[in-house]
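Now for the letters of each chain:
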Amino acid sequence: MAVYLGFDLGTQGLAAVAVEVDGPRRRVVFERALDFDTAFPRYGTDHGVLPREDPLVADSSPLLWAEALERMMQIVATESGLDLARVRAVAGSAQQHGSVYLNRTAAETLAGLDPAQPLVAQLAGVFTRKVAPIWMDSSTAHQCAAITRALGGVEAVARLTGSRAFERFTGPQIRKFFEHDPAGYRRTETIHLVSSYLASLLAGKRAPIEPGDGAGMALMDIARKAWSPAALEATAPELAGKLPPLADSWTVVGELSPYWTRRYGFPAAAAVAWSGDNPCSLVGTGLVADGPIAISLGTSDTLVAPMAEPRTDPSLDGSVFGAPTGSYMGLVCFKNGSLARERVRDAHGMNWDAFSRALRATRPGNGGALMLPWFEPEITPPVAYPGVRRYGLDAADGPANVRAVVEAQMMALANHAQWMGVRAKEIRATGGAAANRDILQVMADVHGVEVRPLEVGNSACLGAALRAWHADEWRSGRRLPWPDVVAGFVVPEEPAIRPAAGRAPLYAELREVYAAAEAHALGRGPDPGPLLEAFRRKYGTGR
Ligand code: XUL
């Protein structure tokens, strides 16, 4: 009976899942989550982000992440009730794009961690940059423009790397660090992603980056899954020597280092490469064959779908990443996910129950009242200067604003994923807000397909644990097919949430109006007023 451990370090917290495999019997035997703000208040984070003056900047603390990892390892060792001797492999999932900058003492420190001391006490001297820029940062427009120019334009960047150079991507962030602190950059021996940094802490040595997370850096040649010399050159000097190597997702980095075995009694289990949360979620939602797509409603809202070949988005809103299966995946990402839902909830003094009641009390189409929920700078479509736009929507009307924010999010997800060309047969819903069936009803109605939440809500974490199992089998020479890896673990809940009859034409029309409102707000199209008017005439106004 083997146990596999998966971690997920998200924006706001760290989660862990343990799965047990006993022949055909598969079960989740442990789940736990830690919230950064409340469990580690001394870092002063707000929803996992360090205090900031510039709304375009978003950093977190690599020390906080290390402390959280240690706390969770301790919980697994002392509170989970698991027989540690049965833990065969550990893997992880991490928020994508964030970067950690280590000096030349780091390798020795990691290799020789003293089991008598806490981890953070020993790591204090290994960073050349105290903070880690994270995926919510959108302060690198200049660097994106410079990299894009050097690589021959936006389409050329997308063809080469699978995406345009997005502000949150690691390459532009590295360039910004080099420009603002050239001496710090020179002192940097290794630049890790959040994923490879955490894998390195577990293995006690430099872990590689795998192609799922590596694709989110604007540095990887997506077709070859290798660092692109041209992209490295366009980003910062001598970058090739500072990046860990790229390696397959199922790479075993080494064994859990003596720090973990001696301090907490773990066995010398395989420490497997970590990946990004979206690639891990692809596995944890069971998207290992064509058919379903997945939507994650978390701090960010994302839509992912498996892809056989790296086909890029002509509108350049979406991204192609490597998939942990060795194939590819398409992704669209929205920054105004849970954050926007919470802002609306809080602005109208509601809790989640009241939020749900508001959804039930309002009509699909919201009487033609629309919101563009850009509370924070948005990724899709790119909005540098935030500001919520309302069309025919009274800002004081709580229920109408609740419906407007959820409909907007679902329509934006559907509209901006069209380039993937997938006709989804079913949507697997995951992330915190997937527990809310009223939100999922809007998802089903707007997308016109059945929606199934999953029994394990944190699919990125489950995906990480399943990747640990797959990698352990692989190193023993067994090539476990991916459908066998997910079978029995990825269990869509029944009954599915079905699109209500008659809503398809309404949302088909409203999605066009929504696209027109986006174009208008971005200065690319006329006022959608007449379209909204026509919609209201056809479908009625009011609740
Ligand atoms: C994906 C993205 C976010 C983060 C959130 O490109 O930026 O989904 O991975 O953790």
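Predicted model only: the values in this text are computed from it and were never measured.

Caption draft 1: Layout of the packing of aromatic side chains. Scanning the model with the defined rule gives 13 aromatic pairs in all. Arranged with centres 4.8 Å apart and planes meeting at 40°, the rings of Phe535 and Tyr539 form a pair that is tilted. One end of the pair, Phe535, and the other, Tyr539, are both in helix H21 (residues 529-539), four residues apart, so they sit about a helical turn from each other. The exposure class of Phe535 is buried, given its relative accessible area of 2%. An aromatic cluster is built from Tyr4, Trp469 and Phe489, whose rings are joined through pairwise contacts. The side chain of Arg168 reaches across the aromatic face of Phe166, ending 4.9 Å from its centre. Looking at Arg345, its charged tip hangs above the ring of Trp352, at a distance of 4.6 Å from the centre.

Caption draft 2: Spotlight on the side chain of Thr170. With respect to the secondary-structure elements, Thr170 resides in helix H7 (residues 170-180). By relative accessible area, Thr170 is classed as buried at 0%. The residues touching Thr170, leaving out its near neighbours within four places in the chain, are His97, Ser99, Leu193, Gly216 and Met217.

Caption draft 3: The packing of helix H14 (residues 338-347) against helix H16 (residues 398-416), seen in detail. Packing of H14 against H16 brings their axes to within 9 Å, and their N-to-C directions diverge by 170°. Comparing the axis directions of H14 and H16 gives the class roughly antiparallel. Facing Ala340, Arg341 and Val344 of H14, the residues of H16 in contact are Asn401, Val402, Val405 and Gln409. Taken together, the residues of the contact of H14 with H16 sort by class into four nonpolar, two polar and one charged.

Caption draft 4: Structural detail: empty space enclosed by the protein. Following the criterion strictly, the structure yields two cavities of 30 Å³ or more and no others. Lining the largest cavity we find Phe334, Asn336, Pro373, Trp374, Glu378, Thr380, Pro381, Ala408, Gln409, Ala412, Tyr514 and Glu518. Mapped onto the lining of the largest cavity, the elements with two or more residues apiece are H16 and helix H20 (503-521). With three residues, the top contributor of residues to the lining of the largest cavity is H16. Grouping the amino acids of the lining of the largest cavity by side-chain chemistry returns seven nonpolar, three polar and two charged. In this structure, the second largest cavity occupies an estimated 30 Å³ of space. As for the second largest cavity, its lining consists of Leu102, Ala106, Leu110, Leu123, Val126, Tyr197, Ser200 and Leu201. Taken together, the elements giving at least two residues each to the lining of the second largest cavity come down to helix H3 (106-111) and helix H9 (194-203).

What counts and how
- Residues numbered from 1 in each chain as written.
- Predicted model: local features only at pLDDT ≥ 70, side-chain atom pairs only at ≥ 80, totals over all residues.
- Heavy atoms only, no water.
- Phe/Tyr/Trp six-rings, centres within 6.5 Å; stacked < 30°, edge-to-face > 60°.
- Helix = DSSP H or I, 4+ residues; strand = E, 2+ residues; numbered from the N terminus.
- Buried < 20%, exposed > 50% of the residue type's maximum accessible area, 1.4 Å probe, protein only.
- Lys NZ or Arg CZ within 6 Å of the ring centre and 35° of its normal.
- Contact = heavy atoms within 4.5 Å.
- Axes fitted to C-alpha atoms, helices over the stretch in contact; angles between N-to-C directions.
- Parallel < 35°, antiparallel > 145°, perpendicular 65-115°, else oblique.
- Nonpolar A, V, L, I, M, F, W, Y, C, P; charged D, E, K, R; others polar.
- 1 Å grid on protein atoms, 1.4 Å probe; cavity = no way out; pocket = protein on both sides within 12 Å on 5 of 7 lines; lining within 4 Å.
- Points joined across faces, edges and corners; volume = space filled by probe spheres on them.

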